[in-house]
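Residues per chain are reported as follows:
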Amino acid sequence: MKVEFFFPDSLDQVNPYFNFITEQYPKHRIRQRDDVYAHEILKFSPYDGILLSKAMVDGSNKGGSRSSGKYSAAMTQRLYREGVSKFFRLQKNGRNLMSMGDCGAFTYFAKSEPVYTVKEVVDFYEVLGFDRGVSLDHIIFTRKPEGETSDERDKDEREMLRDHKRRFELNHKNAEEFISEVQKRGNPFVPVGAAHGWNAETRKESFLVLQDLGFNHISLGGMVRRPAEDVIEALQLISEVKKKSTKLHLLGITKLGHMSDFLQHGVTSIDSTTPLRQAFMDEKDNYWIKNDRFTAIRVPQVDASPAFKRKIRSGSVDQGIALASERECMELLRHYDVGKTNLDNVLNALYEYELLWGGKEQRLERYRRILEAKPWKTCKCGICDEIGIEVAIFRGAERNRRRGFHNLSVFRQELEDSLK
């Protein structure tokens, strides 16, 4: 059985003509024309579709103020003009990728009410031409008050439970209005209900309400921060009432080690940015290979690192020495990649540079591991075999995003293996 994987968009593109030696973009670069997505630069698409949040585009202010979204005004105008499929080039060059929209409820979870109306959300999905759209939802976060007296804790928990129930009912009211509005417009996209709860029992109840409302696709949300055991517990209860025809999506959850459990309980699609984000957010597991992880080699740019600039301004680091050390590291890494220098020379240069910019000495053994293995030499993803060791260097958006794209391709392979 196949599990569809959607990749949440966060303006992740790279420029195929970026010069890694000079660290420069082409002189006449036009981002919307020249920069590419993961499904365009990799040899195969690592995902089945793109997930785009309304909050990413229009922001999270009441009425959808476009100025507060991450999209620029020009990008937003082009998206609304072209539609989601053309904007992301989902159907270009023989590709057949899907699109799914959601509200981006994480951006307004602290507010008492969602910042959009049902009509605004349906308009967003319909005008942009999404294949699927998630109903207007409000996340129910669970927390346990700490550092309080028992009376204060009991009061907080009672107030929190009242808010949970209010959001619970609000989600179902919005879902009912949402599916009615979609049907009234002739079903321009597949409506996806958003099930939320504060424990396994209420998540099951929410799922059942949505299924009874007529949703054939239902997503389980608000569980990104929950352990896998909580997700599986909810899925076990949901599977008791789930119709065979109902599709189940996990919002923001992958957890490959538990994929067989998810599949057993009827999960048909997932989404996550984890493989991409780990390329530049994780301390250790930046560069993935199938069933293993490596640490990318940090060589920060002297002229682009705020920490480095502060050290230079304070006089604790000489700019000329820093630039020379940076240049030596990059040259030696490239020479090592083609067999022109030995590993100890590279590690010594990296150690001296780490002392300058304030890195961590204990990374050197992890650097030794990736440099000895040279995993980019055997990877045929379309990035590693194109730029070589550059993909393993933690440095700037062009390298880091490419490494994230590579990680997505590895994740896809691991996902398919886990389903077997």
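Since we're looking at a predicted model, the values are computed, not measured.

## Focus on the packing of aromatic side chains
- On inspection of all chains with the given rule, the structure shows 17 aromatic pairs.
- A centroid spacing of 5.4 Å and a plane angle of 10 degrees characterise the contact between Phe7 and Tyr47, whose relative ring orientation is stacked. Of the two residues, Phe7 sits in strand E1 (residues 4-8) while Tyr47 sits in the loop between helix H2 (38-41) and strand E2 (49-53), which places them 40 residues apart along the sequence.
- A ring pair is formed by Tyr37 and Phe88, whose centres lie 5.3 Å apart and whose planes are at 55 degrees; its orientation type is tilted. In this pair, Tyr37 sits in the loop between helix H1 (31-34) and H2 while Phe88 sits in the loop between helix H5 (84-87) and strand E3 (98-102), placing the two residues 51 residues apart along the sequence. With respect to class, Tyr37 is no different from Phe88; both count as buried.
- Across the ring face of Tyr116, the terminal group of Lys54 is positioned such that the distance to the ring centre comes to 5.0 Å.
- Over the face of the ring belonging to Phe394 we find Arg298, whose NZ or CZ atom lies 4.1 Å from the ring centre.

## What about the nonpolar core?
- If you look at the biggest cluster of nonpolar residues, it comprises 114 residues, and the most contacted ones within it are Tyr71, Leu350 and Leu371.
- Looking at this core, the element that brings in the most residues is helix H14 (residues 343-357), giving seven residues.
- Discounting chain neighbours no more than four positions away, the residues touching Leu371 are Ile297, Leu333, Tyr336, Leu343, Val346, Leu347, Leu350, Trp376 and Ile389.

## Considering empty space enclosed by the protein
- One pass over the structure, following the stated rule, counts one cavity of 30 Å³ or more.
- Reported here for the largest cavity is a volume of approximately 40 Å³.
- Lining the largest cavity, in full, are Met100, Arg132, Val192, His217, Ile218, Lys247, Leu248, His249, Thr268 and Ser269.
- Residue contributions to the lining of the largest cavity peak at three residues, all from strand E7 (residues 247-250).
- Broken down by class, the residue content of the lining of the largest cavity amounts to four nonpolar, four polar and two charged.

## Describing the side chain of Asp35
- Assignment of secondary structure puts Asp35 in the loop between H1 and H2.
- When its relative accessible area of 1% is taken as the criterion, Asp35 is described as buried.
- A polar contact of 2.5 Å, which involves the side chain of Asp35, links it to the side chain of Arg29.
- Once residues lying within four places of it in the same chain are set aside, the contact partners of Asp35 are Gln13, Val14, Asn15, Pro16, Arg29, Ile30, Glu40 and Arg89.

## So, the layout of surface pockets
- Counted as a void, the largest pocket has a volume near 950 Å³.
- The leading source of residues in the lining of the largest pocket is helix H11 (residues 274-281), at four residues.
- Taken together, the residues of the lining of the largest pocket break down into 14 nonpolar, 14 polar and nine charged.

## Some details on helix H13 (residues 319-337)
- Here H13 spans 27 Å end to end across 19 residues, near enough to the 27 Å set by a 1.5 Å rise per residue.
- Ala322, Ser325, Glu326, Cys329, Met330, Leu332, Leu333, Tyr336 and Asp337 are the residues of H13 that are buried. Down the axis of H13, the buried side of the element spans an arc of 165 degrees, and every buried residue falls inside it.
- Those residues of H13 that are buried lie in contact with strand E11 (297-298), helix H12 (306-314), H14, helix H15 (363-373), strand E12 (393-394) and helix H17 (396-419).

Conventions adopted
- Throughout this document, residue positions are counted from 1 along each chain, in the order its sequence is written.
- Whole-chain, interface and lining totals are the exception, using all residues; otherwise, since this is a predicted model, local features are given only for residues with pLDDT of at least 70 and side-chain atom pairs are given and counted only at 80 or more.
- Hydrogens are left out, water is left out, and the side-chain values use all remaining heavy atoms of the structure.
- Side-chain rings of Phe, Tyr and Trp, where Trp is taken by its six-membered ring, are said to pair if the distance between their centres is within 6.5 Å; with planes under 30 degrees apart they count as stacked, over 60 as edge-to-face, and otherwise as tilted.
- Strands are runs of DSSP state E lasting at least 2 residues, helices are runs of H or I lasting at least 4, and numbering of each runs from the N terminus.
- Categorising residues by exposure relies on relative accessible area from a 1.4 Å probe, with only protein chains included: less than 20% of the type maximum marks a residue as buried, more than 50% marks it as exposed, and the intermediate range marks it as partly exposed.
- Placement of a charge over a ring requires the Lys NZ or Arg CZ to be within 6 Å of the ring centre, with the centre-to-atom vector within 35 degrees of the ring normal.
- By nonpolar core is meant a set of buried Ala, Val, Leu, Ile, Met, Phe, Trp, Tyr and Cys residues that side-chain atoms within 4.5 Å join together.
- Two residues form a contact once any of their heavy atoms are found within 4.5 Å.
- Buriedness for pockets is judged along seven lines, at least five of which must meet protein on both sides within 12 Å for an open set on the 1 Å grid over protein atoms alone, while cavities are sets there where a 1.4 Å probe fits but cannot get out, and lining residues have an atom within 4 Å of a point.
- Grid points are joined across faces, edges and corners, and a volume is the space filled by probe spheres set on the points.
- For this classification, the nonpolar set comprises Ala, Val, Leu, Ile, Met, Phe, Trp, Tyr, Cys and Pro, the charged set comprises Asp, Glu, Lys and Arg, and every other residue, Gly included, is treated as polar.
- Two N or O atoms form a polar contact when they lie within 3.5 Å of each other; inside protein one atom must be a possible hydrogen donor and the other a possible acceptor, and for residues adjacent in sequence the pair counts only when both atoms belong to side chains.
- Helix span, expected: 1.5 Å multiplied by one less than the number of residues in the helix.
- The arc in question is traced by the directions running from the helix axis to the C-beta atoms.

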